[in-house]
Amino acid sequence: MGRVKKKGQSGAAKNYVTRNQAIRKLQISLPDFRKLCIWKGIYPREPRSKKKVSKSTTASTTFYYAKDIQYLLHEPLLQKFRDQKVLEKKISRALGRGDVSDAARLETNAARPEKTGKPRYTLDHVVRERYPTFIDAVRDLDDCLSMLFLFANLPSTTSVPARMVARCERLCLEFQHYLIVSKSLTKSFLSIKGIYYQANIQGEDVLWLVPYKFNQRVVGDVDFRIMGTFVEFYMTLLGFVNFRLYTSIGLKYPPKFDLAKDENNAELGAFTLEGRTLVGAEQQQQQPQIEAASHNPDPKVQAAVNKVLKTITNGEDEAEATSGVQSTAEGEELPTDAIDKFEPAAPGGDVLPQMSADSSTTGLLFSKFTFYLSRETPRQPLELLLKAFGCKRVGWDAVLGDGAFTTNELDPAITHQIVDRPPVQVSAEEEGNEVADGDKEDNQTSQKLVGNRRVPGRIYVQPQWVWDSVNDGELKEPHLYAPGASLPPHLSPFVKSTNGSYDPTIPLAEQEPEVEALEDDDEEVDADGDLAVKAADGDVEGVDVAESDEDEIEDPDMDVDEMEDDEDEDEEDVEEIIGGLSEDGEEDSEGEEDEAVQRQMELEAELQGASVKSKQVDAKAKAKQDARKALSKKSREEAEDMERAKGMLSKKKRKLYEQMVYTNNKKSAEDQKLRAKRRRLEKEKAKSKA
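Note that this is a predicted model, so its numbers are computed, not measured.

## Section: the sheet that holds strand β8 (residues 370–373)
Here comes step 1: Within the open sheet, the four strands sit side by side as β9-β8-β10-β13. Their pairing is parallel. Every other strand in the sheet has two partners, leaving β9 (393–396) and β13 (459–461) as the edge strands with one partner each. With strand direction ignored, the average angle separating the axes of adjacent strands in the sheet is 25°.
Here comes step 2: Taken together, the three bridges between strand β10 (residues 416–418) and β13 define a ladder with parallel strand orientation. Bridge pairing links Ile418 to Val461 in β13.

## Observations regarding the sheet that holds strand β4 (residues 195–201)
Here comes step 1: Spatially, β3-β4-β5 is the arrangement adopted by the three strands of the open sheet, whose pairing is antiparallel. The open sheet terminates on both sides in strands that have one partner only, identified here as β3 (185–190) and β5 (204–210). With direction set aside, neighbouring strand axes in the sheet form an average angle of 15°.
Here comes step 2: In the packing of helix α11 (residues 141–152) onto the sheet, contacts are made with β4 and β5, and the angle to β5 comes to roughly 25°.

## Quick notes on the pairing of β5
Here comes step 1: Relative to β5, β4 runs antiparallel, the two sharing seven bridges. Paired with Gln198 across the two strands is Leu207, which belongs to β5.
Here comes step 2: With antiparallel pairing between neighbouring strands as the criterion, β4 and β5 make up a hairpin whose turn holds two residues, including Gln202 at a positive phi of roughly 55°.

## Brief notes about the nonpolar core
Here comes step 1: By size, the foremost hydrophobic cluster in this structure holds 92 residues, and its most contacted members are Phe151, Leu185, Trp208 and Phe366.
Here comes step 2: Among the elements that take part in this core, helix α13 (residues 224–248) stands out by supplying 11 residues, more than any other.
Here comes step 3: In contact with Leu185, other than residues within four places in its own chain, are Leu179, Tyr197, Gln198, Ala199, Trp208, Leu384, Leu385, Ala388 and Phe389.
Here comes step 4: Residues Leu87, Ile91, Ala103 and Ala110 belong to the second largest nonpolar core, which totals six residues.

Conventions used here
Residues numbered from 1 in each chain as written. Predicted model: local features only at pLDDT ≥ 70, side-chain atom pairs only at ≥ 80, totals over all residues. Heavy atoms only, no water. Pairing = 2+ DSSP bridges. Helix = DSSP H or I, 4+ residues; strand = E, 2+ residues; numbered from the N terminus. Axes fitted to C-alpha atoms, helices over the stretch in contact; angles between N-to-C directions. Contact = heavy atoms within 4.5 Å. Core = buried A, V, L, I, M, F, W, Y, C linked by side-chain atoms within 4.5 Å. Buried < 20%, exposed > 50% of the residue type's maximum accessible area, 1.4 Å probe, protein only.

Next comes the structure, spelled out in structure tokens:
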């Protein structure tokens, strides 16, 4: 007789355990279990059949893999949690006895990172387990940087201790210093949520979000305990990553930190980097010259070495001459720094991805300039971008903090000044009155300048000029970003335009379909977005030619769309929607209507004894009408051909094709709305200029 199987001891029931079973097995509390799962990367699992796994009727049971819980049994942090639990019991027992001094003494030994920001345990071994290689840690920096930059901007509360905020801010500033020295920053984008940054770190693209420097209000519906658990792990992770990044470029970690400058809001200026890359750079350049002067080689040995080098160079020259006889005969020199272009061998072939320019050229975009930031501009992101792309001298007003290259706005070394207020020209008399009334409140929304206050030779731009220049990899034209000018659209560098979709960088006429181009001439977009059809010039006694033609053209297209959307309707219903009108029938009815109107006009004129008014037909309107008819005929033919082709497909393929058509129509409708909005803005701009 076979062995009797008991329920819950084999199969899927043995592979899963509930959360309560895991807590009892690990002998820790629920908050500690959540912490441990977050740090170790263990998440709840959803079994295929809850009936086979669950031993109870509760539908909302959380399951974990039994192997994951077994793995947690050997975690060293478990003993730390148990010691903490014992200490909590001692504190509560002392308070119950009324021994306050003993409870206070025990409280100093308790690890409360949610209050002090300094736990008694370390997560170094957890980081090494989760990220075996350094590249694995770099790939997981997206959420880490976004979370730490968020906590660095939060105010300190009971749920977010001040030590945690200070450590997050310091780690973020250290990471920004690495971006500046290594020129790793590639792109940035201003959005509603905050500022997006992208950096290329050892071949991996890292994207993170930095919130704006506003006063953050900590609400009560956010569980900062769970977020604080992630922050504890991310602080350890970023500390490891910063150490490895600093040592890889020859810098000492951690950098020197000046507390006095940090209290004056110096931020990046509060750190002093040390290492052979920065401090010993001049010494390394001078050392070869000193060695060459002190070391005098033997003349015979030096002559022999020169002879060998000469033979090697002659051999290389002969090889180059044989490989490129034609180029050397013409006197052409092959460029050594040119980028190879992978062009298709035949027309219509696949275009291979092109190589990008070296980051060293884009990293020196602002290296020749000196910038001054006005007090209304965001100093922190501008300082990071300018210094990460080669600028060595950035000055700002003294109210923005310490660490500026200069606080004098009239410094002659400044080449570019970034302002974010429209200039208001003020006469000398008004300026004298303002100086006399110095106690008045300063207007922060406009920049009052005297006629000769602008420094000659200095370029004044708005902050968007920096972002657009960085994203495009070239300096944009400054006059487009002048103070008070209407700025060009700030487009996201992370969105790649696909073929056929709306592209704001391309003129509207190049991407506008033929149907929209014809409708554009005969329709106006109202302020509310509604379409108003223009009346043609050649109306005949209340008969609107353009309106009747528009109705006749729009009906078949609208019916085809309805026929594509209603997939499950019968053929009889579709024919009723279409109206049973054929192309020949429409043209015949149109011709009969025109003839009837003309005969009625002739009869009325004959009875009155007047001459018959001939129908005035505009050549331009007639050409548009003929083009519209040809386009509608072509669209009907294509729709009929598509319906016949769909009849040859199987049911599964037909459903897949209809879903694809539905998605494409939805995208094209969104693109059409964007084009209509842009068309309306261009018309409004043209009217304002006129």
